[in-house]
Amino acid sequence: MISLHYFAGLKEQTGVSEEQVDLAGRTVDELWQWAMDKYPDFQTGAARVAVNEEYALPTDVLEAGDVVAFIPPVSGG
Amino acid sequence: MKAFEIVTEAINPQAYADLVLRPEAGAVTMFTGHVREWTKGVRTLYLAYEAYVPMAEKKLAQIGEEIEQRWEGTKVAIAHRVGELQISDIAVVIAVSSPHRKTAYEANEYAIERIKEIVPIWKKEIWEDGEEWIGDQKKKPEGELK
């Protein structure tokens, strides 16, 4: 299983902050497709995906036990 | 306290300046970012900050490493607060020490620019008539051009 985290506006769009999903073996790009299919309101915008707390590429492959997060455009400072 | 951290309580900036001060440092620059009441004519009541804490602290530390590699002899400490912040509260503090002042100024500005690029922290503005996650450009204050 993969632990999937949502933050800020994306969390409000999905209504969940965290869920366990069975997406090992899929790419980050396929994860996006999965999320948009599951959550019709999901606004991908300029969001990025982090795998195990590092920004990931669309071609990166998810592995069981990964901690994955959707990172909307940041606005700290 | 840590040199790179996300905190939930009020920030004491001097504590971070003390962390970077060393005998070989002739300069310490300290930047504090504060909650601003007015943005483009819209009045903010308060801000709510959220962070992906473990990754945010890792990315703050990465910025510190980038600075210490780029400007020799510098030392950096950064803290960002999350939760509900009122007008004028400190949201972020960046302290940089270096042998000479020019480097300390440059490195400090580099740090805030990088925070705005790579650190997973989000700000929600709460107004009298609504709210918005900044960074999500979909929704705009009423009256502002889309």
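No experiment lies behind these values; they were computed from the predicted model shown. (Residues numbered from 1 in each chain as written. Chains lettered and ligands numbered in written order. Predicted model: local features only at pLDDT ≥ 70, side-chain atom pairs only at ≥ 80, totals over all residues. Heavy atoms only, no water.)

Caption draft 1: The nonpolar core, seen in detail. Counting 27 residues, the largest nonpolar core has Ile63, Ile67, Ile78, Ile94, Ile115 and Val119 of chain B as its most contacted members. Contributing elements (two or more residues each) for this core: strand 1 (4–7), strand 4 (42–51), helix 2 (53–70), strand 5 (75–81), strand 7 (90–98) and helix 3 (101–118) of chain B. With 6 residues, the single largest contributor to this core is helix 3 of chain B. Excluding anything up to four places from it in sequence, valine 119 of chain B contacts Tyr55 and Val74 of chain A together with Ala56, Lys59, Leu60, Ile63 and Arg114 of chain B. Grouped together as the second largest cluster of nonpolar side chains are 20 residues, Leu10, Tyr39, Phe42 and Val51 of chain A included. (Core = buried A, V, L, I, M, F, W, Y, C linked by side-chain atoms within 4.5 Å. Buried < 20%, exposed > 50% of the residue type's maximum accessible area, 1.4 Å probe, protein only. Helix = DSSP H or I, 4+ residues; strand = E, 2+ residues; numbered from the N terminus. Contact = heavy atoms within 4.5 Å.)

Caption draft 2: Representation of the packing of aromatic side chains. Residue and element names in this part refer to chain A. Evaluated as defined, the whole model comprises 10 aromatic pairs over all chains. Measuring from centroid to centroid gives 6.2 Å for tryptophan 32 and phenylalanine 42, while their planes differ by 50 degrees, and the two rings are tilted. Placement of the pair is tryptophan 32 in helix 2 (residues 28–38) and phenylalanine 42 in the loop between helix 2 and strand 3 (48–51), with a sequence separation of 10 residues. Pairing tyrosine 39 with phenylalanine 42 gives two aromatic rings, centres 6.2 Å apart and planes at 35 degrees, and the pair type is tilted. On the basis of relative accessibility, which here comes to 6%, the residue phenylalanine 42 falls in the buried class. One aromatic cluster in this structure is built from Tyr6, Trp32, Tyr39, Phe42 and Phe70. The aromatic ring of tyrosine 55 is capped on one face by arginine 48, whose charged end is 4.1 Å from the ring centroid. (Phe/Tyr/Trp six-rings, centres within 6.5 Å; stacked < 30°, edge-to-face > 60°. Lys NZ or Arg CZ within 6 Å of the ring centre and 35° of its normal.)

Caption draft 3: Region of the structure containing the pattern of salt bridges. For the structure on display, the rule yields 14 salt bridges over all chains. Here lysine 58 of chain B ties to glutamate 53 of chain A by a salt bridge, and the two come within 3.8 Å at their closest N and O atoms. On the criterion of chain membership, the pair formed by lysine 58 of chain B in helix 2 and glutamate 53 of chain A in the loop between strand 3 and strand 4 (54–55) is interchain, its members lying in two chains. On the accessibility criterion, glutamate 53 of chain A (22% relative accessible area) is partly exposed. (Salt bridge = Lys/Arg side-chain N within 4 Å of Asp/Glu carboxyl O.)

Caption draft 4: The arrangement of helix 3 of chain B in detail. When the terminal C-alpha atoms of helix 3 of chain B are compared, their 26 Å separation across 18 residues agrees well with the 26 Å that a helix rising 1.5 Å per residue should span. Every buried residue belonging to helix 3 of chain B is among Ala104, Ala107, Asn108, Tyr110, Ala111, Ile112, Arg114, Ile115 and Ile118 of chain B, and all of these are buried. The inward-facing, buried residues of helix 3 of chain B contact strand 3 and strand 4 of chain A together with strand 2 (27–34), helix 2, strand 5 and strand 7 of chain B. (Expected span 1.5 Å × (residues − 1).)

Caption draft 5: Summary view of the environment of aspartate 89 of chain B. In this fold, aspartate 89 of chain B is placed in the loop between strand 6 (83–86) and strand 7. Residues in contact with aspartate 89 of chain B, not counting those within four places in the same chain, are Gly33, His34, Val35 and Arg81 of chain B.

Caption draft 6: Quick look at the confidence of the model for chain B. Per-residue confidence for chain B gives a mean pLDDT of 93, with 92% of residues at or over 70. In the model, residues 136–146 of chain B has pLDDT below 50 throughout and makes 8 contacts with residues more than four positions away in sequence or in other chains. (pLDDT = per-residue confidence, 0-100.)

Caption draft 7: Spatial organisation of the sheet that holds strand 5 of chain B. Residue and element names in this part refer to chain B. Ordered by their spatial adjacency, 4 strands build an open sheet running 1-5-7-2, and the pairing between neighbours is mixed. Edge positions in the sheet fall to strand 1 and strand 2, since each has one partner strand and no second. Ignoring strand direction, the axes of neighbouring strands in this sheet form an average angle of 10 degrees. Along the sheet, helix 2 contacts strand 1 and strand 5; its crossing angle with strand 1, the most-contacted strand, is approximately 145 degrees. (Pairing = 2+ DSSP bridges. Axes fitted to C-alpha atoms, helices over the stretch in contact; angles between N-to-C directions.)

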